[in-house]
Amino acid sequence: MANVAVIGAQWGDEGKGKVVDWLASRADIVVRFQGGHNAGHTLVVGGETYKLSLLPSGVVRGKLGIIGNGVVIDPEALLDEIARVEGQGLAVGPDNLRVAENAPLILPLHAALDKARETARGERKIGTTGRGIGPAYEDKVARRAIRVCDLAEPATLSAKLDELLLHHNTLLAGLGAPVFDKAALLAALLALAPRLLPFAEPVWERLDEARRAGRRILFEGAQAVMLDVDHGTYPFVTSSNTVAATAASGAGVGPGAVGFVLGIAKAYSTRVGAGPFPTELVDATGQMLGDRGREFGTVTGRRRRCGWFDAALVRQAVKVGGIHGLALTKLDVLDGLPELRINTGYRIGDKIFSRLPAAPGAQAAAEPIFETIEGWSGSTRGARSWADLPAQAVKYVRRIEELVEAPVTLLSTSPERDDTILVRDPFEG
Ligand code: IMP
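Here the structure is a predicted model, which means the values were calculated and not measured.

Draft legend 1. Main features of the overall build of the chain. The helix and strand inventory of the chain stands at 12 helices and 18 strands. Compactness check: the chain gives a C-alpha radius of gyration of 22 Å against a globular reference of 22 Å for 429 residues, within 12% of the reference. On the principal axes, the C-alpha backbone points of the chain span a range of 65 × 50 × 35 Å. Burial statistics for the chain: of 429 residues in total, 57% are counted as buried. Of the roughly 16,900 Å² of accessible surface on the chain, a fraction of 52% belongs to carbon and sulfur atoms. In the chain, 49 positive and 50 negative side-chain charges are present, and the distance between their average locations comes to 2 Å.

Next comes the structure, spelled out in structure tokens:
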């Protein structure tokens, strides 16, 4: 039985929540494999609205949720989120949520450093979510992270805190931010330990057993390919790899276990935070897309920047992300526009590129090479078959498929779960 990985194909917020929710109802296990509580999506199930940040969506659907080792876990945020959904009547316990014992933790000092550094960057700030994601991944790679399993060993924890504080307090003091007290941090972690440890286990083993038993696994990506720390618009990226390959290393399965890779892309483009955005619209059309598409960050509440669909960028995401098929979302936001544009490549100085180069100067200077396509007057909202779509809307989708070199296997036509045109079931491979 094929598994499925869902990843964002632009800069995040492509509407993964709805697609993941739809797929979660057909999976047995849902696994988060990277990112942390910088991600966020809203699920509406049975009239109840759930705002999830760290919990795999499957938990809301009555499926087993797994937080893999590739995720950075803020234990307070996780326990708060569990309490919040429990307050809405959902039980979350070790029977429906498992957490990788080798996942690194985000501590309050990570968020403090994240914010202090952003302030110090001033004009050059990245626009992070301020949740400590970057500093926590830095500690993981530097081999000084405190991991979930360390909570079971008070002596290890104490020694690791010494090393961590030596590093962080030096930095925080240098940035003029308050430093952290070891005794208070140790006491807080030891108090969290009995609440977190019951969820901890080697999740790779459970996933191996699940695979052998032919169970369906859904790997739920966060952020998106253009925010990937290697392949994105560096340094305006998040601190993890967001490509589908990470589903394997971030969960503890082999690359063959990942299965069908579904990339999610909006029918236009958005990004939050700073960084290059070649097709950005800073005019009334951009404003209109933002208003109609309700483009406000789930986590940050910040208004998202909006622009035309960038097929050159999504094509790049398809290739580096290993995307087999695209789910195109929010087509209805374009309803009624007389004319649409799709970017096909970039002009930088007197050179033409079919892809966005890696150098920041070139990225900032990249000018889109637009193709204009006629809009449609009818509505695509709520369409459930190709026949329900205006002919020109179908043309727009077909042109996107050609340019990004990947088929649109799913089309979402409203926030409602059932307003979806399915071309190919990702679980059928
Ligand atoms: P960080 O992940 O908090 O370090 O933020 C780094 C960059 O990634 C910033 O531009 C954020 O706005 C962006 N980012 C992080 N998480 C998300 C997300 O879930 N959706 C969209 N952008 C995100």
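Draft legend 2. Geometry of the domain arrangement of the chain. Split into domains, the chain comes out as domain 1 (4–100 + 200–260), domain 2 (108–196) and domain 3 (265–428). For domain 1 versus domain 2, the distance between C-alpha centres works out to 23 Å. Counting residues at the interface gives 24 residues for domain 1 and 14 residues for domain 2. Buried surface at the junction of domain 1 and domain 2, both sides included, amounts to about 1,500 Å², of which 71% is carbon and sulfur.

Draft legend 3. Looking closely at the environment of Glu-374. By secondary structure assignment, the location of Glu-374 is in strand S16 (residues 367–374). With relative accessibility at 55%, the residue Glu-374 sits in the exposed group. Distance in space between the C-alpha atoms of Glu-374 and Gly-174 is 56 Å, their sequence separation being 200 residues.

Draft legend 4. Inspection of the pattern of salt bridges at higher detail. All chains considered together, the criterion is met by 24 salt bridges. Salt-bridge contacts for Asp-13 lead to Arg-304; the nearest nitrogen and oxygen are separated by 3.3 Å. In this pair, Asp-13 sits in the loop between strand S1 (4–8) and helix H1 (16–24) while Arg-304 sits in the loop between helix H9 (284–292) and strand S11 (305–307), placing the two residues 291 residues apart along the sequence. Of the residues examined, Asp-13 reaches a relative accessible area of 25% and is grouped as partly exposed. Via salt bridges that share partners, Asp-13, Lys-266, Glu-295, Arg-304 and Lys-330 belong to a single interconnected network.

Draft legend 5. The arrangement of the packing of aromatic side chains in detail. Tallied over the full model, the rule gives two aromatic pairs. Consider the rings of Trp-11 and Phe-277, whose centres lie 5.0 Å apart with planes at 55°: the pair is tilted. Here the residue Trp-11 occupies a position in the loop between S1 and H1, and Phe-277 occupies one in the loop between strand S10 (269–271) and H9, the gap between them amounting to 266 residues. Owing to a relative accessible area of 2%, Trp-11 belongs among the buried residues under this scheme.

Draft legend 6. Region of interest: the packing of helix H3 (residues 108–121) against helix H5 (residues 154–174). Their axes nearest at 10 Å, the elements H3 and H5 cross at an angle of 30°. Of the possible angle classes, the one that applies to H3 and H5 is roughly parallel. Between H3 and H5 the crossing geometry is left-handed. Where H3 abuts H5, its residues Leu-109, His-110, Ala-112 and Leu-113 lie against Leu-164, Leu-165, His-168, Leu-171 and Leu-172. Here the contact of H3 with H5 is built from residues that sort into seven nonpolar, two polar and no charged.

Draft legend 7. Layout of the site of the ligand. Near the ligand, the surroundings consist of 15 residues, among which Asp-13, Asn-38, Gly-127, Thr-129 and Thr-238 are the closest. Side-chain polar atom of Asn-38 to an oxygen atom of the ligand: 2.9 Å apart, as the coordinates give it. Taking Gln-223, its side chain carries an N or O atom lying 3.2 Å from a nitrogen atom of the ligand. Its free accessible area being 470 Å², the ligand has 95% of it covered by the protein chains.

Draft legend 8. Region of the structure containing the sheet that holds strand S7 (residues 200–201). Across the sheet, 10 strands lie side by side as S7-S6-S5-S2-S8-S1-S9-S13-S17-S18; this open sheet has mixed pairing. In this open sheet, the two edge strands, each paired with only one partner strand, are S7 and strand S18 (420–422). The sheet contacts of H1 involve S1, strand S2 (29–32), strand S8 (217–220), strand S9 (260–266), strand S13 (325–329), strand S17 (408–412) and S18, and relative to S1 the element is tilted by about 175°. Running over the sheet, helix H7 (residues 203–212) touches S2, strand S5 (64–67), strand S6 (97–100), S7 and S8 and is turned about 135° from S5.

Draft legend 9. Local environment of the pairing of strand S4 (residues 48–52). In this sheet, S4 lies alongside strand S3 (residues 41–45) in antiparallel orientation, the contact comprising five bridges. Within S4, the position partnered with Val-44 by the bridge is Thr-49. Joining the antiparallel neighbours S3 and S4 is a turn of two residues, in which Gly-46 adopts a positive phi near 55°.

Draft legend 10. Region of the structure containing the nonpolar core. By size, the foremost hydrophobic cluster in this structure holds 109 residues, and its most contacted members are Ile-73, Phe-309 and Tyr-396. The leading source of residues in this core is helix H12 (residues 391–404), at seven residues. Among all residues touching Ile-73, those that are not within four sequence positions of it are Leu-54, Ile-67, Leu-78, Val-99, Ala-103, Pro-104, Leu-105, Ile-106 and Val-148. One finds Val-6, Leu-23, Ala-24 and Ile-264 within the second-largest nonpolar core, a separate group that totals 16 residues.

Definitions and cut-offs
- Residues numbered from 1 in each chain as written.
- Predicted model: local features only at pLDDT ≥ 70, side-chain atom pairs only at ≥ 80, totals over all residues.
- Heavy atoms only, no water.
- Helix = DSSP H or I, 4+ residues; strand = E, 2+ residues; numbered from the N terminus.
- Rg over C-alpha atoms; globule rule 2.2 N^0.38 Å.
- Buried < 20%, exposed > 50% of the residue type's maximum accessible area, 1.4 Å probe, protein only.
- Areas by Shrake-Rupley, 256 points an atom, 1.4 Å probe, with all protein chains shown as cover.
- Lys, Arg positive; Asp, Glu negative; His and termini not counted.
- Charge placed at Lys NZ, Arg CZ, Asp CG, Glu CD.
- Domains from an automatic or database assignment.
- Contact = heavy atoms within 4.5 Å.
- Buried area = accessible area lost by both parts, 1.4 Å probe.
- Salt bridge = Lys/Arg side-chain N within 4 Å of Asp/Glu carboxyl O.
- Phe/Tyr/Trp six-rings, centres within 6.5 Å; stacked < 30°, edge-to-face > 60°.
- Axes fitted to C-alpha atoms, helices over the stretch in contact; angles between N-to-C directions.
- Parallel < 35°, antiparallel > 145°, perpendicular 65-115°, else oblique.
- Left-handed = near helix turned anticlockwise from the far one by under 90°.
- Nonpolar A, V, L, I, M, F, W, Y, C, P; charged D, E, K, R; others polar.
- Near = heavy atom within 4 Å.
- Polar contact = N/O pair within 3.5 Å; in protein donor to acceptor, adjacent residues only side chain to side chain.
- Pairing = 2+ DSSP bridges.
- Core = buried A, V, L, I, M, F, W, Y, C linked by side-chain atoms within 4.5 Å.

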